[in-house]
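Fold and contact review
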Amino acid sequence: MQSRLVTVSNTLSRAAAALVATLAVSLLLPAAPASAHGQLATSTPLTGTVVREPLTQVALYFTEKPASNAHFTLTGPAGSRVDSGWSHGEPKRLDKPVQEYFMVNGVFEPRLYHTGFPAMVTVAHWPAKGRYTANYLSVASDGEAVRGTVTFDYQGPSTAAPAGWTAPTAGPEPALLAQAEGRASASPGATGGLPDVTGAPATGPADATKKQGGGFPAWLVPALIVVVVTAIVLVAARRRPAARTTSTPSRRPTGPARKAGAPTRKVATPAPRKSGNRADGPARRGRR
């Protein structure tokens, strides 16, 4: 019985381990390749780096030329903007090519991009040390929204704002917002959620719920896998045989502890035999 219980326990443990592995794979791997185009390829400075000298521009490089009505902002540690417009720059060859996918006849096909097309964001001044955030919003040639953030830590000297300069407050054009909200998707440069160009969290639909290429949602396949594995584990648990109650047989009671009314077996004890002529006398006389 113990070996049977151990076998059932091992089976359930393996099923639980398979469930955990499936959950990990479904969370770490995408169900389908991302179809967003014009994504952020690299930046100067790179996200997560430390800048120790005041820069005049922050460069964001995309896999295709940003839209003419794209919107870019740069926000300082205090939350105020320090950007002063942007312009297209000279394309440059990427140190590492970026791969994007295109839907061709119902199948995603990869395509490598070796050139980065920049948006040069002018920095008006560096008011203080701390974290700076560059936000970008554009629309790719296929109509997909390209938005995200690049954050870095500035530890250089503070610089004064230009004479008569005021922090910009203008947002993106309504036409750009309409295009972005209609078909919003996050590029790999985005960090958590879909922030708007002012740095506030966006409330648009998540990229994971958007159908790609007219097919099933990206989360559907891993969700189905998790449901199937969970069902298998539950069925295995229900079919587990109930543990039988085993009791150690007790010895047959004797003496006073014996059940009342049970017949007792009497064992005759032979009398001790005496040795000597006295015990044998009559028998010997009879023989004579």
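Nothing here was measured: the structure is a model prediction, and the numbers come from that model.

1. Some points on the overall build of the protein
Across its full length, the protein holds four helices and nine strands. Going from the N terminus to the C terminus, the protein shows its helices and strands as α-β-β-β-β-β-β-β-β-β-α-α-α. Residues classed as buried in the protein amount to 31% of the 288 residues present. Taking all contacts inside the protein whose residues are at least 6 apart in sequence as the whole, residues at least 24 apart take part in 70%.

2. Brief notes about the environment of Gly148
Relative to the helices and strands, Gly148 is located in strand β9 (residues 145–154). You can call Gly148 buried: its relative accessible area is 0%. As for Gly148 and Gln39, which are separated by 109 residues in sequence, their C-alpha atoms are 9.4 Å apart.

3. Considering the nonpolar core
Counting 21 residues, the largest nonpolar core has Leu60, Phe62, Phe72, Leu74, Tyr132, Tyr136 and Phe152 as the members making the most contacts within it. For this core, the secondary-structure elements that each account for two or more residues are β3 (57–62), β4 (71–75), β7 (107–123), β8 (130–139) and β9. Among the elements that line this core, the one with the most residues is β9, at four residues. Not counting residues up to four positions away in its chain, the partners in contact with Phe72 are Leu60, Phe62, Pro66, Arg81, Asp83, Trp86, Ala119, Val121, Asn135 and Tyr136. Counting residues in hydrophobic clusters, the runner-up holds five residues, among them Leu137, Val139, Ala145 and Leu176.

4. Thoughts on the sheet that holds β4
Strand order across the open sheet formed by four strands is β2-β9-β8-β4, with mixed pairing between neighbours. Each end of this open sheet is capped by a strand with a single partner; those strands are β2 (50–51) and β4. Alignment of β2 against β9, held across two bridges, turns out to be parallel. Bridging across to β9, Val51 finds its partner in Tyr154. Sheet strands touched by helix α2 (residues 174–182): β4, β8 and β9. Its angle to β8, the strand with the most contacts, is close to 85°.

5. Comments concerning the side chain of Thr133
You can see Thr133 is positioned in strand β8. Here Thr133 falls in the buried class, since its relative accessible area comes to 19%. In this structure, Thr133 is in contact with Thr73, Leu74, Thr75, Thr149, Val150 and Thr151, ignoring residues within four places of it in sequence.

6. Structural notes on the packing of aromatic side chains
This structure, assessed with the given rule, holds eight aromatic pairs. Taking 4.8 Å as the distance between ring centres and 65° as the angle between the ring planes, the aromatic pair formed by Phe72 and Trp86 counts as edge-to-face. In this pair, Phe72 is assigned in strand β4 and Trp86 in strand β5 (residues 83–88), connecting sequence segments 14 residues apart. When its relative accessible area of 22% is taken as the criterion, Trp86 is described as partly exposed. Ring geometry for Tyr132 and Phe152: centres 6.2 Å apart, planes at 10°, overall stacked. Of this pair, Tyr132 sits in strand β8 while Phe152 sits in strand β9, and the two are 20 residues apart along the sequence.

7. Observations concerning the pattern of salt bridges
This structure, assessed with the given rule, holds two salt bridges. Of the charged contacts in the structure, one is a salt bridge between Arg81 and Asp83, with a shortest N-O distance of 2.9 Å. Glu181 is the partner of Arg147 in a salt bridge, and the nearest nitrogen-oxygen pair spans 3.1 Å. Pair noted here: Arg147 is in strand β9 and Glu181 is in helix α2, with a separation of 34 residues, a long-range link.

8. Comments concerning the pairing of β3
Counting buried positions along β3 yields five of six residues, so the element is predominantly enclosed. Where β3 and β7 come together, six bridges link them in antiparallel fashion. Paired with Ala59 across the bridge in β7 is Met120.

9. Let's talk about the side chain of Gln39
Relative to the helices and strands, Gln39 is located in the loop between α1 (2–28) and β1 (40–44). The buried category is assigned to Gln39, whose relative accessible area is 8%. Here the side chain of Gln39 touches Glu100 through a polar contact of 3.2 Å, side chain to side chain.

10. What to know about the confidence of the model for the protein
Within the protein, residue pLDDT values average 72, and 54% of them lie at 70 or more. Counted against residues more than four places away or in other chains, residues 25–34, with its pLDDT under 50, gives twelve contacts. Considering only residues more than four positions removed or in separate chains, one finds that residues 184–216, a stretch of pLDDT under 50, has 67 contacts.

11. Let's talk about unusual backbone geometry
In this model, Thr44 is joined to Pro45 through a cis peptide bond whose omega is 5°. Counting through the fold element by element, Pro45 comes out in the loop between β1 and β2.

Conventions and cut-offs
- All residue numbers refer to position in the chain's written sequence, counted from 1.
- Thresholds applied to this predicted model are a pLDDT of at least 70 for local features of residues and 80 or more for the giving and counting of side-chain atom pairs; totals over whole chains, interfaces and linings are not thresholded and use all residues.
- Side-chain metrics in this entry use all non-hydrogen atoms of the structure; hydrogen atoms and water are not considered.
- Under the scheme used here, helices are H or I runs from DSSP no shorter than 4 residues and strands are E runs no shorter than 2 residues, and both carry numbers assigned from the N terminus.
- The cut-offs for exposure are 20% and 50% of the maximum accessible area for each residue type, with area from a 1.4 Å probe on protein chains only; residues under the lower value are buried, those over the upper are exposed, and the others partly exposed.
- Residue contacts are defined here by distance: any two heavy atoms, one from each residue, within 4.5 Å place the two residues in contact.
- By nonpolar core we mean a set of buried residues, namely Ala, Val, Leu, Ile, Met, Phe, Trp, Tyr and Cys, connected to one another through side-chain atoms within 4.5 Å.
- Strand pairing requires that DSSP identify at least two bridges connecting the strands.
- Whenever a helix is involved, its axis is fitted only over the stretch in contact; in every case the axis is a line through C-alpha atoms, and angles between N-to-C directions fall within 0 to 180 degrees.
- To pair, rings of Phe, Tyr and Trp, with the six-membered ring standing in for Trp, must have centres within 6.5 Å; the planes then decide the type, stacked if under 30 degrees apart, edge-to-face if over 60, and tilted in the middle.
- What counts as a salt bridge is simple: a side-chain nitrogen of Lys or Arg found within 4 Å of a carboxyl oxygen of Asp or Glu.
- Any N or O atom pair separated by 3.5 Å or less is treated as a polar contact, with the protein-specific requirement of one donor-capable and one acceptor-capable atom, and with residues adjacent in sequence counted only for side-chain atom pairs.
- Per-residue confidence from the prediction method is given by pLDDT, with values spanning 0 to 100.

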